[in-house]
There are 2 protein chains.
Amino acid sequence: MYTALYNHIRKYVAFADADAAALEPYLYKKEVKRKEILLKPGQVCKDHYFVKKGLVRMYLMDEKDTEKITTFAIENWWVTDNDSFITGQPTEYYMQAIEACELIYIKAAERDALFKTVPAYESYTRMIAERALVAYQRRVNFINMMSDEERYRFFVESFPGFLQRVPQYMLASYLGFTPQFMSKIRAKR
Amino acid sequence: MYTALYNHIRKYVAFADADAAALEPYLYKKEVKRKEILLKPGQVCKDHYFVKKGLVRMYLMDEKDTEKITTFAIENWWVTDNDSFITGQPTEYYMQAIEACELIYIKAAERDALFKTVPAYESYTRMIAERALVAYQRRVNFINMMSDEERYRFFVESFPGFLQRVPQYMLASYLGFTPQFMSKIRAKR
DNA sequence: CCGATTTCTTAAACTGGTTTCATTTTTTGA
DNA sequence: TCAAAAAATGAAACCAGTTTAAGAAATCGG
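Caption draft 1: Summary view of the packing of helix α1 (residues 3–10) of chain B against helix α5 (residues 119–145) of chain B. Residues and elements named next belong to chain B. Two elements in contact, α1 and α5, have axes whose closest approach is 10 Å; the angle formed by their N-to-C orientations is 80°. In terms of orientation, α1 and α5 fall into the roughly perpendicular class. Touching Leu-5, His-8 and Ile-9 of α1 are Tyr-121, Tyr-124, Ile-128 and Arg-131, all from α5.

Caption draft 2: Seen up close, empty space enclosed by the protein. Residues and elements named next belong to chain B. With the rule as written, the count across this model stands at 1 cavity of 30 Å³ or more. As a volume, the largest cavity reaches approximately 30 Å³. Around the largest cavity, the lining residues are His-48, Trp-78, Tyr-121, Tyr-124, Thr-125 and Ile-128. With 4 residues, α5 is the largest single contributor of residues to the lining of the largest cavity. Its residues assigned to classes, the lining of the largest cavity shows 4 nonpolar, 2 polar and no charged.

Caption draft 3: Inspection of the sheet that holds strand β6 (residues 78–79) of chain A at higher detail. Residue and element names in this part refer to chain A. Spatial strand order, β1-β8-β3-β6: 4 strands in an open sheet with antiparallel pairing. Each of the sheet's edge strands pairs with one partner strand only, and the pair in question is β1 (28–32) and β6. Relative to β6, strand β3 (residues 47–53) runs antiparallel, the two being bridged by 2 bridges. In the sheet register, Tyr-49 faces β6, and the bridge partner there is Val-79.

Caption draft 4: The protein's contact with DNA strand C, seen in detail. For DNA strand C, the set of nearby residues contains 18 residues, the closest of which are Gln-168, Tyr-169 and Ser-183 of chain A together with Asp-148 and Gln-180 of chain B. Of all DNA strand C atoms lying within 4 Å of any protein atom, the proportion belonging to sugar or phosphate reaches 68%. Gln-168 of chain A has a polar backbone atom sitting 3.0 Å from a phosphate oxygen of DNA strand C. Interatomic distance of 3.2 Å between a side-chain N/O atom of Thr-178 of chain B and a phosphate oxygen of DNA strand C. Mapped by element, the contributors of at least two residues to the surface near DNA strand C are α8 (168–175) and α9 (179–188) of chain A together with α6 (148–158) and α9 (179–188) of chain B. The class makeup of the residues in the surface near DNA strand C is 5 nonpolar, 7 polar and 6 charged.

Caption draft 5: How the structure looks around the state of the cysteines. Residues and elements named next belong to chain A. For the structure on display, the rule yields 0 disulfides over all chains. With no disulfide partner, Cys-45 has as its closest neighbouring cysteine sulfur the one in Cys-101, 15 Å distant. What makes Cys-45 buried here is its relative accessible area of 3%.

Caption draft 6: Region of interest: the pairing of β3 of chain A. Residues and elements named next belong to chain A. Within β3, 5 of the 7 residues are buried, which leaves the element mostly enclosed by the surrounding structure. Bridging between β3 and strand β8 (residues 101–107) involves 6 bridges; their strand directions are antiparallel. Along β8, the bridge assignment pairs Lys-53 with Glu-102.

Caption draft 7: Structural detail: the side chain of Asn-141 of chain B. Within the secondary structure, Asn-141 of chain B sits in helix α5. For Asn-141 of chain B, a relative accessible area of 12% gives the class buried. Ignoring any residue separated from it by four or fewer positions in sequence, one finds Asn-141 of chain B in contact with Leu-60, Glu-92 and Tyr-93 of chain A.

Here is what the cut-offs are and how they apply
- Residues numbered from 1 in each chain as written.
- Chains lettered and ligands numbered in written order.
- Predicted model: local features only at pLDDT ≥ 70, side-chain atom pairs only at ≥ 80, totals over all residues.
- Heavy atoms only, no water.
- Axes fitted to C-alpha atoms, helices over the stretch in contact; angles between N-to-C directions.
- Helix = DSSP H or I, 4+ residues; strand = E, 2+ residues; numbered from the N terminus.
- Parallel < 35°, antiparallel > 145°, perpendicular 65-115°, else oblique.
- Contact = heavy atoms within 4.5 Å.
- 1 Å grid on protein atoms, 1.4 Å probe; cavity = no way out; pocket = protein on both sides within 12 Å on 5 of 7 lines; lining within 4 Å.
- Points joined across faces, edges and corners; volume = space filled by probe spheres on them.
- Nonpolar A, V, L, I, M, F, W, Y, C, P; charged D, E, K, R; others polar.
- Pairing = 2+ DSSP bridges.
- Near = heavy atom within 4 Å.
- Polar contact = N/O pair within 3.5 Å; in protein donor to acceptor, adjacent residues only side chain to side chain.
- Disulfide = S-S within 2.5 Å.
- Buried < 20%, exposed > 50% of the residue type's maximum accessible area, 1.4 Å probe, protein only.

In structure tokens, the structure reads:
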């Protein structure tokens, strides 16, 4: 049932069947439909989701009611509002399934007990956090070093399959510009 | 000698004197002068630095030889090129002391042994990584939601003391605009 | 399979921030 | 303490990306 997650964990740490058995009571499942909302502003983000199947996004609404997408999560990625999940403060984010999803998740309230019971899981969590940190660092680099147009072309070349899964206007939002500007760029070549 | 670090660790995890004794063989000290370079592109970032005293920045050079500052680290912050430190790939960053610094650091090569010897230190490292993640998330939020001018005013109001420690052009670089634009804004009010 | 909704495109006027170049002010270290 | 270097300012021309508004194309769900 949770083998997708166990396989992922085993890429990072030694994880015996006994560890899996100890972990299982802390794991939960959720299936969501296309467009279903998993979190909205004002709520506390109590779960950390592992995407077994599907595609999730997180976004903010700005003062002009425009969506600003900050995160996409596909298969084998973890997604949460780290801020709310860790501090317990209410979130400012929406989290929504773009495609129908199968999710595995753990609960914030049970995290300390889980780490105590399965230390290998804490090592894994540390490594996942560090890997997310590297991703954020690369992203700030990316924003600093490239113009909007360069970022678009780089993204499309680096992740060609991704464009098939999200509408263009969402990619525009994620990359930080308008759909109109994206059309302008695309018309060029 | 390392009490500043121990005090910081104790804000996050239970950390007995025995833990401190076990940790100490893995800790190193470094004193650097104002403007001294700690890391430059092409090198592998082998250390994770804790700023006991002073102020460090990380920056990139763009194709026009302009500095793009990505990180400032002050007292009680950890700083490293996470990407290079974790993957062992050569860095693209410069790391430089803005003020004379007293640093404490650990070595990438000894990290696994350290985590094994002092598990509480791994928990602490996880929490530090998660906290850095929250900082990055807030920063992407910040970039998404505010114009350059708004970001400047927000930053100056939120961290008034910081302006005394870094030249304005460095803050401009960190916030993603030119010194000229900063002068323009400042002249307004 | 078709009407409703969502997504994509085009175009013109506009603006926030850059570039270039020159000058002034401040800081530094010998 | 003073010359040299570093940092800050100013102004004008410019440009990358936005805004507004409208129509066309694609997709979805009943």
